[in-house]
Amino acid sequence: MSTLRVGLRCDAGPRRGVGHLVRCLALAEEFLARGAHVAVFGTVERVDWATAELAARGIPLHPGPESPAGLVEAARRHGLDVLVLDSYDLDPAGAGALRAAGVFTVALIDGDSRGQDADLYLDQNFGARLPELAGRLLAGSDYALLRDSVVTARPPTPRPAETVSRPRVLAFFGGTDALGAAPLLTRVLVATGHPMDLTVVVGRPEIEAELEDITPGRGQVIRTVPPTGSLPSLITGADLVVSAAGTSTWELCCLGAPAALVCVVDNQRESYARVVQHGLAAGLGELPELAEGGLAGRTARASAARTVYGLLSSPQRRAALAARAWSAVDGKGRARVVDAVFEALRPAALRA
């Protein structure tokens, strides 16, 4: 069989964030490890570290077609056997058009297929179930897509309870922090009054100024760092991580990190609720509620601060979260997904 040619259609930037690109990058690494040729089709704006990640792996970045006809034309021009679609913005008819053109199509979804007609669907969210896609759906955190840097940093066992006087806290909210969650959650952390060594990943330069206006309390230190490809090492070095409930949730689980999550956008809500309900992470609420003015906002922020204080002051609570999270995501999800793609392609290869 000739070299499999795989395309990944996704975008990244200040508005879209980088979650789609990060999980496509994980798939790309697995396909590359199995000898496939891989290319990304899309736009990567103002996310230099993500562009560098692609370049480091020798993955070319081509313009991302928007229309079904454009997708088919690009697939033909580049001789693609497989095209992975990971976007909320593309015309849903694109998947069906690609299938009709003989391109094996994988749609990455988050609770909603958007009417796409793909050969294979992937919903990597914990507890995902879409009965209407029976037979073509890979569902649940067993299929979580994680990069090499995360999988290699996974500890062999869950971390034990460890008493520390000034916990190390890491706060990050996606590759670009598109909705500006960092300043708000930093204020919530400071409001706990608990000593901490806090590192905040600053997704955009304009957020830095807001963080500089926050005065830490006694025993609290705040430092900022830019987005980095070394995030897994920051996660494993933290006693508590505060993050958005997006793609990074599965990285936190795989690494066995004690985490408190914020639901930042609507499409995170269902997964956020399941993760919190099953005790894989603590829940701090939804960002719009935390950002509200008046009594409602103060009440939501006070509740979030109490939750964080409880975690900072209890090594046992942190360890319990970490153990459940570590057990839920084993780091082998991307291999299972690529196995499923090769298994589906095998009959066609035999016919050829």
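Here the structure is shown first, and the text comes after it.
Residues numbered from 1 in each chain as written. Predicted model: local features only at pLDDT ≥ 70, side-chain atom pairs only at ≥ 80, totals over all residues. Heavy atoms only, no water.

With respect to the side chain of Arg23
What counts is decided by this rule: Comment: elements are numbered from the N terminus, with helices defined as DSSP H or I runs of at least four residues and strands as E runs of at least two. Burial classes: relative accessible area under 20% of the type maximum marks a residue as buried, over 50% as exposed, and values in between as partly exposed (1.4 Å probe, protein chains only). Working rule for contacts: check all heavy atoms of both residues, and any pair within 4.5 Å makes them a contact.
Along the chain, Arg23 turns up in helix H1 (residues 19-33). Given the relative accessible area of 3%, Arg23 is considered buried. Filtering out sequence-adjacent residues up to four positions away, Arg23 remains in contact with Asp86, Tyr88, Leu108, Asp110, Gln124, Leu145 and Thr247.

Looking at the pattern of salt bridges
So the rule is basically this: A side-chain nitrogen of Lys or Arg and a carboxyl oxygen of Asp or Glu constitute a salt bridge if their distance falls within 4 Å.
Tallied over the full model, the rule gives 24 salt bridges. Of the charged contacts, one joins Asp11 and Arg9 as a salt bridge, the two residues approaching to 3.0 Å between their closest N and O atoms. Since its relative accessible area comes to 1%, Arg9 is described here as buried. With a closest N to O distance of 2.2 Å, Arg77 and Glu73 form a salt bridge. Residue Arg77 and its partner Glu73 are both found in helix H3 (residues 68-77); the two are separated by four residues, about one turn of the helix. With a relative accessible area of 41%, Glu73 lands in the partly exposed category. Each of Glu29, Glu30, Arg34, Glu53, Arg57, Asp148, Arg334 and Asp339 takes part in a single network of salt bridges with overlapping partners.

Looking at helix H2 (residues 48-56)
Stated formally: Taking the helix axis as origin, the arc is that swept by the directions to the C-beta atoms.
Residues of H2 that are buried include every one of Trp49, Ala50, Glu53 and Leu54, and no others. Down the axis of H2, the smallest arc covering the buried residues is 145°, so these residues share one side. Of the residues in H2, the exposed ones pointing more than 90 degrees away from the buried face are Asp48, Ala55 and Ala56. Looking at the buried side of H2, the elements it contacts are H1, strand E2 (37-41) and strand E3 (61-62). Looking one or two places after H2, you find Gly58, whose phi comes out positive at around 70°.

Concerning the sheet that holds strand E5 (residues 104-108)
Rule in force here: For two strands to count as paired, DSSP must find a minimum of two bridges between them.
With parallel pairing, the seven strands of this open sheet are ordered in space as E3-E2-E1-E4-E5-E6-E7. For this open sheet the edge positions go to E3 and strand E7 (137-139), each flanked by a neighbour on one side alone. Relative to strand E6 (residues 120-123), E5 runs parallel, the two sharing three bridges. Bridge assignment links Val106 to a residue of E6, and that residue is Leu120.

Some thoughts on the state of the cysteines
Heads up, the rule is: Note on terminology: disulfide denotes any pair of cysteine sulfur atoms within 2.5 Å.
All chains considered together, the criterion is met by zero disulfides. The thiol sulfur of Cys10 is not disulfide-bonded, and the nearest other cysteine sulfur, from Cys24, lies at 3.9 Å. As a non-bridged cysteine, Cys253 has Cys254 as the owner of its nearest cysteine sulfur, 8.7 Å distant.

A look at the sheet that holds strand E9 (residues 196-201)
What counts here: Helix axes are fitted to C-alpha atoms over the stretch in contact, other axes to C-alpha atoms as well, and angles between N-to-C directions run from 0 to 180 degrees.
The strand order across the open sheet built from six strands is E10-E9-E8-E11-E12-E13, with neighbouring strands paired in parallel fashion. Lying at the two open borders of the sheet, with one neighbouring strand each, are strand E10 (220-225) and strand E13 (282-286). With strand direction ignored, the average angle separating the axes of adjacent strands in the sheet is 15°. Two strands pair when backbone bridges link them, and E9 and E10 are joined in this way by six bridges, in the parallel orientation.

Points about the nonpolar core
As a reminder, the rule being used: Within this scheme, the nonpolar core is defined by two criteria: the residues are buried Ala, Val, Leu, Ile, Met, Phe, Trp, Tyr or Cys, and they are joined through side-chain atoms within 4.5 Å.
Core analysis: the largest hydrophobic core is formed by 37 residues, its most contacted members being Leu27, Phe31 and Val82. Breaking this core down by element, the ones donating at least two residues are strand E1 (5-9), H1, E2, H2, strand E4 (82-85), E5, E6 and helix H14 (333-351). Ranked by residue count, the leading element in this core is H1, at eight residues. Among the nonpolar cores identified, the runner-up in size contains 34 residues, and Met196, Val202, Ala304 and Leu321 belong to it.

Comments concerning the packing of aromatic side chains
Note the following rule: When the centres of two rings from Phe, Tyr and Trp lie within 6.5 Å, Trp using its six-membered ring, the rings pair. Their planes under 30 degrees apart give stacked, over 60 give edge-to-face, and anything left gives tilted.
If you walk through the whole model with that rule in mind, you get one aromatic pair. A ring pair is formed by Phe31 and Phe342, whose centres lie 6.4 Å apart and whose planes are at 45°; its orientation type is tilted. A residue pair is termed long-range when its members are at least 10 positions apart, and Phe31 in helix H1 and Phe342 in helix H14 qualify at 311 residues. Overall, the relative accessible area of 1% leaves Phe31 in the buried class. The partly exposed category is assigned to Phe342, whose relative accessible area is 22%.

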